[in-house]
Amino acid sequence: MASLLFSVLIELKSIDWTAVLAVAREHARAGLFGKCRRLCRQVTDLFPYDLAVQLDVGILLSSYGFLSDARVCYSKAQNIAPLDLRSKVNLANLVRDAGESGEARSLYSDLLICMSDHPVIRRNVLVSQEYDPEMSNAERLCQAKAWGEWARARVGGGQVRPKMLPLKERALRLGYVSADLCQHTVGLFIKDVLKAHDPGRVEVYAYSAGQLNDWVTDQIRTACTLRDISSLDDSALATLIRTDAIDVLIDLSGHTAGSRLTAFAYRPAPVMVSWLGYFATTGLDCIDAVILDEWHAPPGTEAQFVEPIIRLPGGRFCYQPVPFAPEVAPLPALRRGGVTFGCFNNTAKLNDGVFDLWAKVLLAVPDSRLVLKWRTFNDEALQQKVTRAFVDRGIAAERLELRGPSFHAEMLKEYGDIDIALDPFPFTGGLTSCEALWMGVPVVTWPQSRVVSRQTFAFLAAIGLPQLAAQSADDYVAIARDLAADLPALQTLRAGLRARMHASPLMDVQGFARRFEDALIGLYQKIAAEEESKAMNAKTVLHVGPGHRANGAQLPQAFRSADWREIRLDIDPANEPDLVGSMLDMQAVADASVDAIYSAHNIEHVYAHEVPQVLAEFLRVLKPDGFLVLTCPDLQSVCALVAEDKLGDAAYQSPAGGITPHDILYGHGEALARGHHFMAHKCGFTLKTLTQAVHAAGFAASAGKRRSRGLDLWLVACKSAQPEESLRKLAANVLPA
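Rules used throughout
- Residues numbered from 1 in each chain as written.
- Predicted model: local features only at pLDDT ≥ 70, side-chain atom pairs only at ≥ 80, totals over all residues.
- Heavy atoms only, no water.
- Helix = DSSP H or I, 4+ residues; strand = E, 2+ residues; numbered from the N terminus.
- Buried < 20%, exposed > 50% of the residue type's maximum accessible area, 1.4 Å probe, protein only.
- Contact = heavy atoms within 4.5 Å.
- Areas by Shrake-Rupley, 256 points an atom, 1.4 Å probe, with all protein chains shown as cover.
- Lys, Arg positive; Asp, Glu negative; His and termini not counted.
- Charge placed at Lys NZ, Arg CZ, Asp CG, Glu CD.
- Pairing = 2+ DSSP bridges.
- Core = buried A, V, L, I, M, F, W, Y, C linked by side-chain atoms within 4.5 Å.
- Polar contact = N/O pair within 3.5 Å; in protein donor to acceptor, adjacent residues only side chain to side chain.
- Axes fitted to C-alpha atoms, helices over the stretch in contact; angles between N-to-C directions.
- Phe/Tyr/Trp six-rings, centres within 6.5 Å; stacked < 30°, edge-to-face > 60°.
- Arc of directions from axis to C-beta.

A. Up close: the overall build of the protein chain. When helices and strands are tallied, the protein chain shows 28 helices and 21 strands. With the C-alpha coordinates of the protein chain rotated into their principal frame, the extents come out at 100 × 65 × 45 Å. Out of the 737 residues in the protein chain, the part that is buried amounts to 55%. Across the protein chain, every contact between residues at least 6 apart in sequence was considered, and the portion connecting residues at least 24 apart equals 68%. Approximately 31,000 Å² of the protein chain is accessible, and the part contributed by carbon and sulfur atoms is 54%. Placing the 75 positive and 84 negative side-chain charges of the protein chain at their respective mean positions leaves the two points 1 Å apart.

In structure tokens form, the structure reads like this:
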């Protein structure tokens, strides 16, 4: 059909290469890889100088394991557009998938220099270092912290924790965020947990950032409120989460593909947690906890994390097999007379250390063979490279079998060819190890210091087989050799693995759900108590006219810490303020009751004769040692633009669009046109007149500045007299640079 379509298109001389590529993609999904490759080659041959063709075809080929073909496409793309970095990004991902950690590290480092603000590049750098055996724990932590600082800077600095509502008799509102709520490792692990949640204890929302919807997605949809967030940017996602009043927001992706962790920097929920889909620190210090267990996180693991660690009893994973998993096959060694080792893990996890150790295992077990399976073994060059790695280590090529991808059900059947699974390191198996065990195949693993190196060990410990976890390289070889030496015992182990798993915490869905709920409810209550205690001791800042919590003005960075508690005063009850009132009448605020006031672009909205009344109210509610931070337009700078005849030109860009000097002088024109007359400006200031006004109102000391970038004035005014050095220090802390 595809060949006929292609011939017709050629005859008509009207080739829509995207349509042909869609057919090639369908062939790949159906496992017809030869047809897929032929169509891809025809498209790239017909459009040799089309950048989009080379990139899109390369991505398709790479996603189905044809790394060499994809590399050719990326090379052509680089020749077509040397300054377009997409081909280099794709190449970095490709070499990582091929297990070339060193080359991937180099490419990602170069990309990070060129595209330091690109979210995907920064994310890929962090994920790739988990595969890289040469990266130290200290280096990985440093890179993650740098990402956290970058993410905070993107949202204007650290954000204030949203108000925590008491649980009392209500359910805790959970929000799970992931791009993998489908037949993916995360989706398969999470779906049954979501179904097992107790609706009397938790109310569950799932935020799906992915494009794929399948049978797993359908099951998740029946278990919770599922929201499609694939088209939302970070700010809109944060707003949606706030609107849903989520109490505990759970990230399931970390820095893996499709992650929305950057939205967490907005701190859209009072408590935020990292769990399941990632295996290292996020680097984001506003994440309140990472859910691990005693096996993933032995004492001292805290040094690798920015987040506090919660060790979940019974393990951090809960496994349920897919419904189409076949029965356990008889031990294959009994029919072939020799043991077959196997590994169905991502080839990105393979490295020289793994090859060294696996070769020693094969040498220690005569007549044994090794089956490796992953989609990238569609690539002949990778097959040759891996084969050569073993030959160089004394293993004959015929003892190796490299298998390409297959459908999930068919892949599970292939465990019928495997006696013993060998786990790679430092990145060990996750779902792969669970499925090997479910298919009756014991897994030999070597847990090390990284959390990701301890995944299989955690599964083995949970099901009562910690003896399959090695303490050293020699121990790894000995465990594999001893298993292979006693086939009756191996057959007994194989036959009993499912019953062992069923009886363990690893597959106790109801028990896991209760323990997980206990941990989250306990965390929420603990943080709520801490926040209440902090609030009792914290200084208070009265935020005047902030607008709504979801999209209104934010406090300056100086006030965004546990040392300060925000009290929001707004004239509009619809903005859900803590106190309803205006600048002219703040009777809702007691005398001398607040430590600071923050008023941003409010004072220009009253008449000049009302300014003393506003400042008198500010002075009244401040404690004796309190201070006011005030900002408003700088008429001196604005009038300079007017003098240049730029009254109607955009002076700067805002979320509402271009802001002109006319807007700054009289109020935002578009808002006024829509009937928002309260937006009109009724007075204005220079730094001199604003300083005079606060002193006339009774403030004892002040310091101010003109900020040309924002065409605004900033001033801090203290109720009582201050030494010059103290005033300078305060101004440096609370006024913008």
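Further notes follow.
B. The pairing of strand 20 (residues 701-707), seen in detail. The pairing of strand 20 with strand 21 (residues 712-718) spans seven bridges and is antiparallel. Each bridged residue has a counterpart across the sheet, and for Gly704 the counterpart in strand 21 is Leu715. Connecting the antiparallel pair strand 20 and strand 21 is a turn made up of four residues, with Leu711 showing a positive phi of about 50°.

C. The environment of Pro298, seen in detail. With respect to the helices and strands, the residue Pro298 is situated in the loop between strand 6 (289-292) and strand 7 (309-311). Taking the C-alpha atoms as reference, Pro298 lies 9.2 Å from Val451; in sequence the two are 153 residues apart. Apart from the residues within four sequence positions on either side, Pro298 is in contact with Arg311 and Arg454.

D. Up close: the nonpolar core. Among the nonpolar cores identified, the biggest contains 146 residues, and Tyr176, Trp275, Phe341, Trp358 and Phe390 are the most heavily contacted of them. No other element matches helix 22 (residues 509-537), which puts 10 residues into this core. In this structure, Phe390 is in contact with Phe355, Trp358, Ala359, Leu362, Leu370, Leu372, Ile395 and Leu400, ignoring residues within four places of it in sequence. Core analysis: the next-biggest nonpolar cluster, separate from the first, contains 35 residues, Leu126, Trp150, Ala179 and Ala269 among them.

E. Highlighting the side chain of Asn124. Tracing the backbone through its elements, the reader meets Asn124 in helix 8 (residues 119-131). Side-chain polar atoms of Asn124 contact the side chain of Asn93, separated by 3.2 Å. The contacts of Asn124, once residues within four sequence positions are left out, are Asn93, Arg96 and Tyr108.

F. Expanded view of the side chain of His197. Its location among the elements puts His197 in the loop between helix 10 (185-196) and strand 2 (202-208). A relative accessible area of 8% means that His197 is categorised as buried. Side chain to side chain, His197 and Glu517 meet in a polar contact 2.9 Å long. With sequence-adjacent residues up to four places away left out, His197 is seen in contact with Leu174, Tyr176, Val202, Val204, Ala513, Arg514, Phe516 and Glu517.

G. Representation of unusual backbone geometry within the structure. Cis rather than trans, the peptide bond between Phe425 and Pro426 has omega equal to 5°. Among the secondary structure elements, Pro426 is positioned in the loop between strand 11 (420-422) and helix 18 (431-438). One non-glycine residue with positive phi stands out, namely Arg267, at about 50°. Of note in the backbone geometry, Glu576 takes a positive phi value of approximately 55° without being a glycine. Take Glu576: it is sitting in the loop between strand 14 (564-570) and strand 15 (579-580).

H. Quick look at the sheet that holds strand 8 (residues 340-343). On the basis of which strands lie adjacent, the open sheet formed by five strands has the order 10-9-8-11-12 and parallel pairing. The open sheet terminates on both sides in strands that have one partner only, identified here as strand 10 (400-403) and strand 12 (443-444). By the bridge criterion, four bridges tie strand 8 to strand 9 (residues 369-373) in an arrangement that is parallel. From the neighbouring strand, Thr340 faces strand 9, where its bridge partner is Arg369.

I. Just the sheet that holds strand 16 (residues 594-600), in detail. Strand order in the open sheet formed by seven strands is 15-14-13-16-17-21-20, and the pairing between neighbours is mixed. The open sheet has two edge strands, strand 15 and strand 20, and neither has a second partner. For strand 17 (residues 622-633) and strand 21, the ladder comprises seven bridges, and the chain directions are antiparallel. Considered in strand 21, the bridge of Phe627 is made with Cys718. Across the face of the sheet, helix 28 (residues 724-734) comes into contact with strand 17, strand 20 and strand 21 while running at roughly 135° to strand 21.

J. Just the packing of aromatic side chains, in detail. Under the criterion given, the structure shown has 22 aromatic pairs. Taking the centre distance of 6.4 Å and the plane angle of 55° together, the rings of Tyr176 and Trp275 count as tilted. Of the two residues, Tyr176 sits in strand 1 (residues 172-178) while Trp275 sits in the loop between strand 5 (271-274) and strand 6, which places them 99 residues apart along the sequence. Neither residue differs from the other here; Tyr176 and Trp275 are each classed as buried. With 5.1 Å between their ring centres and 65° between their planes, Phe425 and Trp446 make a pair best called edge-to-face.

K. Expanded view of helix 12 (residues 234-243). Residues of helix 12 that are buried include every one of Asp234, Leu237, Ala238 and Ile241, and no others. Seen from one end, helix 12 has its buried residues packed into an arc of 100°, which puts them on one side. N-cap assignment for helix 12: the residue whose side-chain oxygen lies 3.3 Å from the backbone N of Ser235 is Asp233. Trailing helix 12 by a residue or two, Ala245 shows a phi angle of about 55°, which is positive.

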